[in-house]
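# Structure assessment
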Amino acid sequence: MMHRFILAASLILLGGCVTRPAAWDYTNFQRAKPASLLVMPPVNDSPDVKATPGVWSQATQPLAEAGYYVLPVTLVDETFRSNGVYTAHDAQSIPLPRLRDFFGADAAVYIKVNKYGTSYSVLASETRVEVEARILDLRSGDLLWKGSAFATSAEQQQAQGGLVGLLVQAVVNQIIGTATDAGYTYAGIATARLMAAPKYNGVLPGPRSPLYGQPPVTQ
Amino acid sequence: MSPSLRLWVALGAAILLAGCAQTQKPLYMWDTFSRHQYDTLLHEGASPDSQIQAMEQHAVKAQGANAALPPGFRAHLGMLYLGNGNADKARELWTGEMETFPESAPYMKQLLKRLSGDAAPAAGEKGPA
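How each quantity is defined
- Residues numbered from 1 in each chain as written.
- Chains lettered and ligands numbered in written order.
- Predicted model: local features only at pLDDT ≥ 70, side-chain atom pairs only at ≥ 80, totals over all residues.
- Heavy atoms only, no water.
- Helix = DSSP H or I, 4+ residues; strand = E, 2+ residues; numbered from the N terminus.
- Buried < 20%, exposed > 50% of the residue type's maximum accessible area, 1.4 Å probe, protein only.
- Contact = heavy atoms within 4.5 Å.
- Core = buried A, V, L, I, M, F, W, Y, C linked by side-chain atoms within 4.5 Å.
- Polar contact = N/O pair within 3.5 Å; in protein donor to acceptor, adjacent residues only side chain to side chain.
- Axes fitted to C-alpha atoms, helices over the stretch in contact; angles between N-to-C directions.
- Parallel < 35°, antiparallel > 145°, perpendicular 65-115°, else oblique.
- Nonpolar A, V, L, I, M, F, W, Y, C, P; charged D, E, K, R; others polar.
- Salt bridge = Lys/Arg side-chain N within 4 Å of Asp/Glu carboxyl O.

## Focus on unusual backbone geometry
Of note, the bond from Ala197(A) into Pro198(A) is cis; its omega dihedral lies within 30 degrees of zero at 0°. Relative to the helices and strands, Pro198(A) resides in the segment after helix H8 (182–195). Within the chain, Lys33(A) stands out as a residue other than glycine whose phi angle is a positive 45°. Here Lys33(A) lies in the loop between helix H2 (27–32) and strand E1 (36–39). In this structure, His43(B) is a non-glycine residue whose phi angle is positive, near 55°. Inspection of the secondary structure puts His43(B) in the loop between helix H2 (33–42) and helix H3 (48–64). What makes His43(B) partly exposed here is its relative accessible area of 32%.

Structure (structure tokens):
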């Protein structure tokens, strides 16, 4: 019994390392060498109005820990508002050169929230956050990277290593003792999975990371 | 399974796990900074005073631990002070953001210019409703 359990556990661990989609082409990313990132207000395709602030506020930590300077999202929000831009959709439609002129960032992060919040059913409720992101170079307009991730209360919280695990733990710790909405918690886990580095097919470590300049993770 | 075999299997699993998981020290002390940003972005009238107090304590804690404050920390705190009418403190903190993270200079210079100038409203002040 124990034997079988350990075998299964090892296979799951091994499986975690082995199942891989095709490798992302990092040519543009490595040429652009962005140092500063402007995270745009995330477009929300879910019915929950807290999706945009929830995901936006959680996006800074994984990208900053990946070694980038991330422009302060609350000030960016105020800048948009004081210029009459009130929705994420409108903000994400602004031409790249104008963003570059005003914010001076090297690249911008465009996030879309596909699912956010808690759905209730007779037997169980599930909180789920699904996000996808693209990073565009604000100087050339090149697509540097894209990816997607999700987090759900339905999954077993298994031990997760590396920076992703560390960030997830940080999110969980932040919640303890705080009356808060569950969507925010899972937004933190989903954004960490989406944008923490280094990771296979993930964002490359930035200039402030000790891992900057290393080749992309291949396994 | 014998105890020694079990140990080997456990060790094997640990090595596999370590293979996926490089240990890395965080670059910054985050504390509840993301949460403060969330509260502000919600626009539900979060109290700037309690945030200022919590963030000042965070700054002291980081200094004591010789840990770095995250990107945007000083900028956000400056915006809170500005919301309370303390423009000098905002100027000091935004300048600090720029000195700590030179990558922020183009944006911080814009904000500082608006703060001292007569141009459009600066970040931290309410735009047209």
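That was the structure; now back to the text.
## Looking at helix H4 (residues 73–83) of chain B
Note on helix geometry: an α-helix contains 3.6 residues per turn, so any two residues three or four positions apart are oriented the same way. With 10 of 11 residues buried, H4(B) lies mostly within the body of the structure. Turning to H4(B), its buried residues number three or more, namely Phe73(B), Arg74(B), Ala75(B), His76(B), Leu77(B), Gly78(B), Met79(B), Leu80(B), Tyr81(B) and Leu82(B). Tucked into the core, H4(B) has its buried residues touching helix H4 (73–82) of chain A together with H2, H3, helix H5 (87–100) and helix H6 (105–116) of chain B. Among the residues trailing H4(B), Gly85(B) stands out with phi positive, at a value near 85°.

## Considering the nonpolar core
Core analysis: the biggest nonpolar cluster contains 92 residues, and Leu99(A) and Trp94(B) have the highest contact counts within it. By residue number, the principal contributor to this core is H8(A), which donates eight residues. Beyond its immediate chain neighbours, meaning those up to four positions away, Leu99(A) contacts Leu38(A), Met40(A), Phe80(A), Ile94(A), Gly104(A), Tyr110(A) and Leu138(A).

## Considering the side chain of Ser36(A)
Within the element layout of this structure, Ser36(A) appears in strand E1. The exposure class of Ser36(A) is buried, given its relative accessible area of 2%. At 3.1 Å, the side chain of Ser36(A) forms a polar contact with the backbone nitrogen of Asp106(A). Excluding residues within four positions of it along the chain, Ser36(A) makes contact with Tyr69(A), Leu71(A), Gly104(A), Ala105(A), Asp106(A), Ala107(A) and Glu103(B).

## Quick word on the packing of helix H6 (residues 96–103) of chain A against H6(B)
Following both chains from N to C, one finds H6(A) and H6(B) inclined at 65°, their axes separated by 7 Å at the closest point. As the angle between them shows, H6(A) and H6(B) are arranged roughly perpendicular. Facing Asp101(A), Phe102(A) and Phe103(A) of H6(A), the residues of H6(B) in contact are Pro106(B), Tyr107(B), Gln110(B) and Arg114(B). Among the residues making up the contact of H6(A) with H6(B), the classes are represented as four nonpolar, one polar and two charged.

## Focus: the pattern of salt bridges
All names here are of chain A. Applying the stated criterion across every chain, the model contains 13 salt bridges over all chains. For the salt bridge of arginine 139 with aspartate 106, the shortest nitrogen-to-oxygen distance reads 3.7 Å. You can see arginine 139 sitting in the loop between strand E5 (125–137) and strand E6 (143–152) and its partner aspartate 106 sitting in the loop between H6 and strand E4 (107–120), a full 33 residues away along the chain. For arginine 139, a relative accessible area of 41% translates into the label partly exposed. Its relative accessible area of 12% is what places aspartate 106 among the buried residues.

## Observations regarding the side chain of Thr127(A)
All names here are of chain A. Mapping threonine 127 onto the fold places it in strand E5. Engagement of the side chain of threonine 127 in a polar contact is seen with the side chain of threonine 118, the distance being 2.8 Å. Other than its neighbours up to four places away in sequence, threonine 127 contacts Gly117, Thr118, Ala151, Thr152, Ser153, Ala182, Gly183 and Tyr186.

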